[in-house]
Amino acid sequence: MQASLFSPSRRALATTAILSFAAFIGSTAFAGKPTLNDGNIRISSNENAFGFSPKALERMKEVLDSGNYYNNNESGELAKVLAAYEGVPLEYIMPTAGSGPVLDLTAMSHAAAGLNVVSTETGYAQLVTRFKAFGGDVKLAPLSEKMGYDFKALGKLIDDKTAIVYICNPNNPTGVLADPVELKNFILSVPENVLVFMDEAYLELSDTGLAANTQAALVKVRKNMIVSRTFSKAHAMAGLRVGYAIGNPEVLAKLRKYSSGGPSYLACVGAIESIKDKEHMASNVKKYIEVRNYVKAEFDRMGIKYAQPSGSFVYFNAGMKRNDVVKKLQASKVIIGGIRGGVDDPTGGGEWTRVSLGTMEEMSIFIGELSKILGKS
Ligand SMILES: Cc1ncc(COP(=O)(O)O)c(C=O)c1O
C-alpha cells in the first residue's frame, strides 16, 4: 500500500532506508512497528494495529498547514474536552506528549536521595527507572499468585521514606486487572504524604471497561494522587504523542516546573476528535476483546500458561527461554517481546514473555508460527 506513494527509484531508496532502519530496530529491544511496513509482523510494543478515528484523520488533514505556529489554543481546548470527559475541573488536567512524560515528570519532581518509590516486580519500569536515575531508591513487591498486584505486600514496603506508590492497571507486562474495590481500598489506605500514581494506559481495553475500573474520581478526595492516561493505546495514536495527567492542581504544579511542553497542535486536534468519536473507540475495544479471546483460546488449546489479560497484550509461558522463543519467531518475521528482555536480554530471560495483540490475521500467523516452534501444530 505504501509503495504506491513512491516512484521506482524513490522506492528503491526508501526500501534501503527502511531495511536498514528495520535491521537497527530488529537488533535491539526497541522493536516498535515501523511507520512504513517492512514485511515483519510487529507485535512487540503494544501499538494499536486497528488504526485511529477516521474523523481525527480528516480534521488533522484540514489543519496540517498550520504547522508554522506552535500551539495556540489547541492544548487548552484539549484540556477542556478532557476535563469534561473526566468530570473534573479544568485545572485538574495536564496534557502531555504521550503519557510517558507524566511518568518522567513525576519521577523528576519527587525523587531525591534517601526517598523511595514502591511498586511491583514485573511491572512497567519507566517511572521507577527514572526515579532511580534521579537519585531515589526502588522497592518492589512480588506479584500476586495470579500475576497481579499483591496489595498487602505493596503496603508492607511503604515506609517513612516512601515518596510514590506506582500502580499500573491493568499491569504491563502481565496484563492482570486489579479488583476495583480492593484497589480503591488500598489507595485510601496509603498515607496522605505518599503520592499514589495510577497508570491507566490500557484500561479502556479491559473487558469490564474504563468506567467500572478507573480510580480517577479519587483525585478529588485524595489530594496526593495522579492518574495518567494515553492516546497511544485504545485511541491508536501512539505516533502522534498525546497523553495527560489528572490530579490536584497543586500536585500538577510540581510536574509543570520540569515540563518542556505539551502535545503538538496537530496531536491535540486529533485527540479532541478521537474523544468525540465514541463509535470508533467502541469498535476498537470490541476488536481487542475478540483478538484477546482468540489468543486465549489458542493458548488453552496448546496448553500454554498465561496471565489473565486485560490490555493489548498477553503474558505467556511457552515452556522455553524467552530469548529462544523471541529469536525463533523473529526468524519467521514475527517480532515479539518488547519488554524487559527482548532478544538481547543477557540473562536469556525466564520462560515468560509478552506478545502484543495485533489484528486477527497477524495473531493467527503468530499462533501458527508459535505452534510450529513448540511442536504443537
Ligand atoms: C503502562 C504504560 N504506561 C505508559 C506508557 C507510555 O506510553 P505513551 O507515552 O505512548 O503514552 C506505556 C507505553 O507502552 C505503557 O505501557
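Preceding block: the structure.
Remember, it's a predicted structure, so these values are computed and weren't measured experimentally. (Residues numbered from 1 in each chain as written. Predicted model: local features only at pLDDT ≥ 70, side-chain atom pairs only at ≥ 80, totals over all residues.)

Our focus in this paragraph is the overall build of the protein chain. When helices and strands are counted, the protein chain shows 13 helices and twelve strands. Counting all 377 residues of the protein chain, 45% fall into the buried class. A fraction of 71% describes how many contacts in the protein chain between residues 6 or more apart in sequence connect residues 24 or more apart. (Helix = DSSP H or I, 4+ residues; strand = E, 2+ residues; numbered from the N terminus. Buried ≥ 20, exposed ≤ 12 C-beta atoms within 10 Å, placed from the backbone. Contact = placed C-beta atoms within 7 Å.)

Time to look at the sheet that holds strand β12 (residues 352-356). As summarised here, the arrangement of the three strands in space is β9-β10-β12, forming an open sheet in which the pairing is antiparallel. Either end of the sheet is taken by a strand with one partner, and the two such strands are β9 (305-306) and β12. Where β9 meets strand β10 (residues 313-317), two bridges bridge the pair, whose relative direction is antiparallel. Within the sheet, the bridge partner assigned to Tyr-306 lies in β10 and is Phe-316. (Pairing = 2+ DSSP bridges.)

Assignment of secondary structure puts Leu-205 in the loop between β6 (195-199) and α8 (209-213). Taking the number of C-beta atoms within 10 Å as the measure of exposure, Leu-205 has 27 and is therefore buried. Put simply, Leu-205 and Lys-287 are 82 residues apart on the chain and 9.6 Å apart in space, counted from C-alpha to C-alpha. In contact with Leu-205, not counting residues within four places along its chain, are Lys-233, Ala-234, Val-285, Tyr-288, Ser-310, Gly-311 and Ser-312.

The terminal C-alpha atoms of helix α3 (residues 74-86), which comprises 13 residues, lie 18 Å apart, in line with the 18 Å expected from a rise of 1.5 Å per residue. Among all positions of α3, only Glu-74, Ser-75, Leu-78 and Leu-82 are buried. For α3, the angular spread of buried residues about the axis comes to 95°, placing them on one side. The elements touched by buried residues of α3 are β2 (93-96), β8 (243-247) and α10 (265-276). Note on α3: the residue one or two positions beyond its end, Gly-87, has a positive phi of about 70°. (Expected span 1.5 Å × (residues − 1). Arc of directions from axis to C-beta.)

Let us now look at the sheet that holds strand β4 (residues 137-141). What links the strands of a sheet is backbone hydrogen bonding, and the strands pair in either a parallel or an antiparallel sense. Strand order across the open sheet formed by seven strands is β2-β8-β7-β6-β5-β3-β4, with mixed pairing between neighbours. Among the strands making up the open sheet, the edge pair consists of β2 and β4. The mean inter-strand angle of the sheet, taken between neighbouring strand axes irrespective of direction, is 20°. Summarising the sheet, strand β5 (residues 162-168) and β6 pair through five bridges and their orientation is parallel. What sits directly across from Ile-167, in β6, is Met-198. Those strands touched by helix α5 (residues 126-133) are β3 (116-120), β4, β5 and β6, and its axis lies near 155° from that of β3. Sheet strands in contact with helix α9 (residues 249-256) are β2, β7 (225-230) and β8, and its direction is about 135° off that of β8. (Axes fitted to C-alpha atoms, helices over the stretch in contact; angles between N-to-C directions.)

The next subject is the nonpolar core. The biggest cluster of nonpolar side chains holds 92 residues, and the ones touching the most others in it are Val-165 and Phe-197. Inspection of this core shows a minimum of three residues originating in each of domain 1 (24-46 + 279-373) and domain 2 (54-276). In this view, Phe-197 contacts Thr-106, Leu-127, Ile-164, Val-165, Tyr-166, Ile-167 and Ile-226; residues no more than four positions away in its chain are not counted. (Core = buried A, V, L, I, M, F, W, Y, C linked by C-beta atoms within 7 Å. Domains from an automatic or database assignment.)

For the rest of this paragraph, the subject is unusual backbone geometry. For the bond from Asn-169 to Pro-170, the omega torsion is -5°, close enough to zero to count as cis. Here Pro-170 is to be found in the loop between β5 and α7 (180-189). In this structure, Pro-173 follows Asn-172 across a cis peptide bond, with omega equal to 20°. Position of Pro-173 among the secondary structure elements: in the loop between β5 and α7. In this structure, Ala-236 is a non-glycine residue whose phi angle is positive, near 60°. Positionally, Ala-236 belongs in the loop between β7 and β8. With a phi angle near 65°, Lys-333 is a residue other than glycine that sits in the positive phi range. Looking at the element boundaries, Lys-333 is found in the loop between α12 (322-331) and β11 (334-335). Looking at Lys-333, the number of C-beta atoms within 10 Å reads 14, which means it is partly exposed.

A few words now on the environment of Ala-271. Looking at where Ala-271 falls in the secondary structure, it is placed in helix α10. Those residues in contact with Ala-271 that lie beyond four places of it in its chain are Leu-78, Phe-231, Met-237 and Val-242.

Below, the discussion takes up the packing of helix α11 (residues 278-302) against helix α13 (residues 360-373). At a minimum axis separation of 10 Å, α11 and α13 run at an interaxial angle of 15°. It follows from the interaxial angle that α11 and α13 lie roughly parallel. Considering the relative orientation of α11 and α13, their crossing is right-handed. Between α11 and α13, the residues in contact are Glu-290, Val-291, Tyr-294, Val-295, Glu-298 and Met-302 and Met-360, Met-363, Ile-367 and Ser-371, respectively. Of the residues belonging to the contact of α11 with α13, the class tally is seven nonpolar, one polar and two charged. (Parallel < 35°, antiparallel > 145°, perpendicular 65-115°, else oblique. Left-handed = near helix turned anticlockwise from the far one by under 90°. Nonpolar A, V, L, I, M, F, W, Y, C, P; charged D, E, K, R; others polar.)

Geometric values such as these leave the question of function open.
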